[in-house]
Amino acid sequence: MLTGKHLISGEWVGSDATFASEPAHGPSHDFAVGTPKLVDTAVDAAEDAFATFGWSKRTERAGFLRLIADEIDARGDAITEIGTQETGLPAARLQGERGRTVGQLRLFANHIEQGDYLDMRHDSALPDRAPMPRPDLHMIQRPLGPVAVFGASNFPLAFSVAGGDTAAALAAGCPVVVKGHSAHPGTGEIVAQAIDAAIKAAGLHPGVFSLVQGGKRDVGTRLVQHPLIRAVGFTGSLEGGRALFDLCAQRDEPIPFFGELGSVNPMFVLPNAAAARGGDIGAGWAGSLTMGAGQFCTNPGIAVVIDGPDADKFQSAAQDALSTVAAQTMLTDGIADAYRYGVARVAAGTGVTQVIGTSCAARDAAPYLFTVSGDDWLANHKLQEEVFGPLGIVVRARDFEQMQQIARGIEGQLTCTLQLDDSDKVPARVLLPLLERKAGRLLANSFPTGVEVCDSMVHGGPYPASTNFGATSVGTLSIRRFLRPVCYQDIPIDLLPEKV
């Protein structure tokens, strides 16, 4: 049952004002509005919890993560029901995303039990070394302290209340304060109930986790600028993420802001691949573009192909596939409005030709396909800006040399993709060093929608794809964002925080 309240250090707390959810279908519910005062209470409790949670055994935290996963699974039907209502996503998508969310929690539990993530190092004492002795030195990765997490609009489970940022911070030993996203507050509350139940079952300090719902900009500002918050995790728009990033940098004591801000994820179709299977690649690209109404940060919005008959074949196949895709419900009215604005911005670009697209109203999004020459693409930086939705641009490069220019000119990306055949490996070797500097994940002969949660995944890239391209928000390496190295010199071994 929904309470419509915030979870603050183990207590369900209301506030004077409420806001109504705006579901795609089904009933609306009222939720308490967050305030800076509630943020202060939650962060103070998180600091209290850190005194014990930050020094807990990793086996204990692993058990806690597994309890959260079990409690989320126990509420699976309720999560699916309200999640589909709030977001308009199909039940199968929500069930799959829940599987990813609990699988991630269990993966992180296994990972921290192994202890490799601590990167523990030891240089034993050399008391007889000349001309100076060496002390005994242990280096261990240690948790930062309370972490702020902002729920994402496009992933109500995997990047929200118990999503990747929260799971990574808890695995590291950091208490978490989540600002829930107002697009799916009911889903967020049920997941928070699961975390609350796991905290009680594990006997942990209740300040280990809090959820503040809704609220105006002052709530987010207070959260990132609270002096006890030590890091921030965020998935969302470039505009919103950059504003929070700047706030973190302007603090008296700046803190790391791990923002994943999206990208256009360009795909480069090399000549022999285009000749041999351009139609299949075009159809596959269309399917990736429209998956989930294009509301993925890894949506491959740009396809670069060398102009000519093979480009015609690629574009025609993409057009045919897109023409059969019906309008889909977007996550929020605001996202739908932003999509229409993005379509208009692209259509107004010099040299841009609309190939397919019909007007879409209310919360629906229909696919759009545009084409532009390599010259006009290079002259118009705005075409590189992400359009969140099922929109694709075919960039027809004059030749391979111009394809290289395009690769050099793109901004930081989450992904870059090469479509190549064996006979394309010579040009691929030319492009790879260029693309490696632009993206956190490079793909061959597939599409970037769908991010595997595993040890080797990197979900991040140079700015503006993310604000810290040395990190990832997916995979076990994401835990390292919330740790810092500490060297213990001549500290008795039984006083060290981890078994060495």
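For the structure itself, look to the data block above.
Here's a quick rundown of the structure. Only a predicted model underlies this, so the values are computations on that prediction, with no experimental measurement involved.

**Focus on the overall build of the chain**
In terms of regular secondary structure, the chain is built from 14 helices and 21 strands. Its C-alpha atoms give the chain a radius of gyration of 24 Å, near enough to 23 Å, the size a compact globule of 500 residues would have. Taken along the three principal axes of its C-alpha coordinates, the chain extends 70 × 70 × 40 Å. For the chain, buried positions account for 56% of its 500 residues. Counting only contacts in the chain whose residues sit at least 6 apart along the sequence, the fraction spanning at least 24 positions is 77%. Surface summary for the chain: the accessible area is close to 19,900 Å², and the carbon and sulfur share equals 53%. Each charge sign in the chain was given a centre, from 41 positive and 55 negative side chains, and these centres are 3 Å apart.

**Some words on the packing of helix α13 (residues 400-409) against helix α14 (residues 425-436)**
For the pair α13 and α14, the least separation of the axes is 9 Å and the interaxial angle reads 15 degrees. Considered as vectors, α13 and α14 are oriented roughly parallel to each other. As α13 runs across α14, the sense of the crossing is right-handed. Of α14, the residues touching α13 (which contributes Phe400, Met403, Gln404, Ala407 and Arg408) are Pro427, Val430, Leu431, Leu434 and Leu435. Of the residues that constitute the contact of α13 with α14, the class distribution is 8 nonpolar, 1 polar and 1 charged.

**Comments concerning the packing of helix α9 (residues 271-290) against helix α10 (residues 309-323)**
Viewed as axis vectors pointing N to C, α9 and α10 meet at an angle of 25 degrees, and their least axial separation amounts to 8 Å. In terms of orientation, α9 lies roughly parallel with respect to α10. Two packed elements cross with a definite hand, and for α9 against α10 that hand is right-handed. Of α10, the residues touching α9 (which contributes Pro271, Ala274, Ala275, Gly278, Gly279, Ile281, Gly282, Ala283, Trp285, Ala286 and Thr290) are Asp310, Lys313, Phe314, Ala317, Ala318, Ala321 and Leu322. Split into classes, the residues belonging to the contact of α9 with α10 amount to 12 nonpolar, 4 polar and 2 charged.

**Section: the side chain of Arg142**
Turning to its location among the elements, Arg142 is positioned in strand β6 (residues 137-143). Buried charged residue Arg142 carries no salt bridge. Nearest counter-charge: Glu498, at 4.2 Å. Among the polar contacts listed, one links the side chain of Arg142 to the backbone oxygen of Gly54, at a separation of 3.0 Å. With sequence-adjacent residues up to four places away left out, Arg142 is seen in contact with Gly54, Trp55, Phe482, Leu483, Arg484, Val486, Tyr488, Pro497 and Glu498.

**Regarding unusual backbone geometry**
For the bond running from Ala130 to Pro131, omega is 5 degrees, close enough to zero to count as cis. Examined against the element boundaries, Pro131 turns out to sit in the loop between β5 (121-123) and β6. Here the bond from Tyr463 into Pro464 is cis, since omega is 10 degrees, no more than 30 degrees from zero. Within the fold, Pro464 resides in the loop between β20 (439-444) and β21 (483-489).

**Observations regarding the side chain of His6**
Mapped onto the fold, His6 is located in strand β1 (residues 6-8). Polar side-chain contacts of His6 include one of 3.3 Å to the side chain of Ser15. In contact with His6, other than residues within four places in its own chain, are Glu11, Trp12, Val13, Gly14, Ser15, Ala32, Val33, Gly34, Leu38, Leu211, Val212 and Gln213.

The rules behind these values
Residues numbered from 1 in each chain as written. Predicted model: local features only at pLDDT ≥ 70, side-chain atom pairs only at ≥ 80, totals over all residues. Heavy atoms only, no water. Helix = DSSP H or I, 4+ residues; strand = E, 2+ residues; numbered from the N terminus. Rg over C-alpha atoms; globule rule 2.2 N^0.38 Å. Buried < 20%, exposed > 50% of the residue type's maximum accessible area, 1.4 Å probe, protein only. Contact = heavy atoms within 4.5 Å. Areas by Shrake-Rupley, 256 points an atom, 1.4 Å probe, with all protein chains shown as cover. Lys, Arg positive; Asp, Glu negative; His and termini not counted. Charge placed at Lys NZ, Arg CZ, Asp CG, Glu CD. Axes fitted to C-alpha atoms, helices over the stretch in contact; angles between N-to-C directions. Parallel < 35°, antiparallel > 145°, perpendicular 65-115°, else oblique. Left-handed = near helix turned anticlockwise from the far one by under 90°. Nonpolar A, V, L, I, M, F, W, Y, C, P; charged D, E, K, R; others polar. Salt bridge = Lys/Arg side-chain N within 4 Å of Asp/Glu carboxyl O. Polar contact = N/O pair within 3.5 Å; in protein donor to acceptor, adjacent residues only side chain to side chain.

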